[in-house]
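One-letter residues, chain by chain:
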Amino acid sequence: MLKDNKTGVLGDLLIHIAARKSTITDEVNICNRLSELERHMKKTYASQLEKMSVKLSESKLNFDQLSQEKKKLEQINIHNLQKEIQKLETEKDELEKDKLAISLKFNEKTKEIRDLNEQNKKMKEKHRENILSSMAHKIAKTFTKKTNYRPREKENAIKPVEHVLY
C-alpha cells in the first residue's frame, strides 16, 4: 500500500491479499476453535468415562452384594427345608409307631372280644344246663312227692347239677 501510493494499480492485488488474509485468519480461528472443541470433547469424554466407570464399579459391587444376599437366602431356605423334611420324617416315623401300636392293641382287643364271646357262649350253655338240671330236679321232686316214689338206689336218683358261676 506504501508502494502503490494511492495509485490504485495494486488495488486488485491488495483486495485479493486482504481476502486471502481474511480466509487464513478464519481458518486459523476455525482450527483454534476445533482444537478447543477437541479439548472440551476430550474432557467431557474423560468425565463421562470416569462417571460410567464409577457407576459400573458401584453396579458391580451392588450386584455382588445382591448375589451374596441371594446365596445366603437360598442357603437359609435350603437349611429350613432340610429341617422341615427331617421334622416330617420324624413325624412319619412316630405315626408309623403309633399305627403299629394301635394295630397291636386292636388285635389284642379283637382277641379279647373273641375270648369273651367264647366265655359268654360257654356260660350261656352252662346256665342252660343248670336251668335244665334244676327243672329236671324240680320235676323229679314233684313227681316223687305226688307219687311217693322213692328210688331204690341213690345212683338212679336224679342229682341236681351244681351251678357254676364265673
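Here the structure is a predicted model, which is why all the values come from computation and not from measurement.

Novice: What's the story with the pattern of salt bridges in this structure? I'm lost.
Specialist: Taken as a whole, this structure holds three salt bridges when the rule is applied. The salt bridge partner of Arg33 is Glu36, with a shortest N-O separation of 3.3 Å. Of the two residues, Arg33 and Glu36 are both situated in helix α1 (residues 11–147); the distance of three residues between them amounts to about one turn of the helix. Overall, the relative accessible area of 45% leaves Arg33 in the partly exposed class. Here Glu112 ties to Lys109 by a salt bridge, and the two come within 3.9 Å at their closest N and O atoms. Highlighted residues: Glu112 and Lys109, both in helix α1, separated by three residues, approximately one helical turn. On the basis of relative accessible area, Glu112 is assigned to the partly exposed category, the value being 39%.

Novice: How do you make sense of a negative patch on the surface when you look at a structure like this?
Specialist: Together, Glu84, Glu89, Glu91, Asp93, Glu94, Glu96 and Asp98 make up a negatively charged patch on the protein surface. Mapped onto the elements of the fold, Glu91 is located in helix α1. Accessibility expressed as a relative area gives 35% for Glu91, which makes it partly exposed.

About the thresholds
Residues numbered from 1 in each chain as written. Predicted model: local features only at pLDDT ≥ 70, side-chain atom pairs only at ≥ 80, totals over all residues. Heavy atoms only, no water. Salt bridge = Lys/Arg side-chain N within 4 Å of Asp/Glu carboxyl O. Helix = DSSP H or I, 4+ residues; strand = E, 2+ residues; numbered from the N terminus. Buried < 20%, exposed > 50% of the residue type's maximum accessible area, 1.4 Å probe, protein only. Patch = residues over 30% accessible without salt bridge, like charges linked within 9 Å, V, L, I, M, F, W, Y side chains within 5 Å. Areas by Shrake-Rupley, 256 points an atom, 1.4 Å probe, with all protein chains shown as cover. Lys, Arg positive; Asp, Glu negative; His and termini not counted. Charge placed at Lys NZ, Arg CZ, Asp CG, Glu CD.

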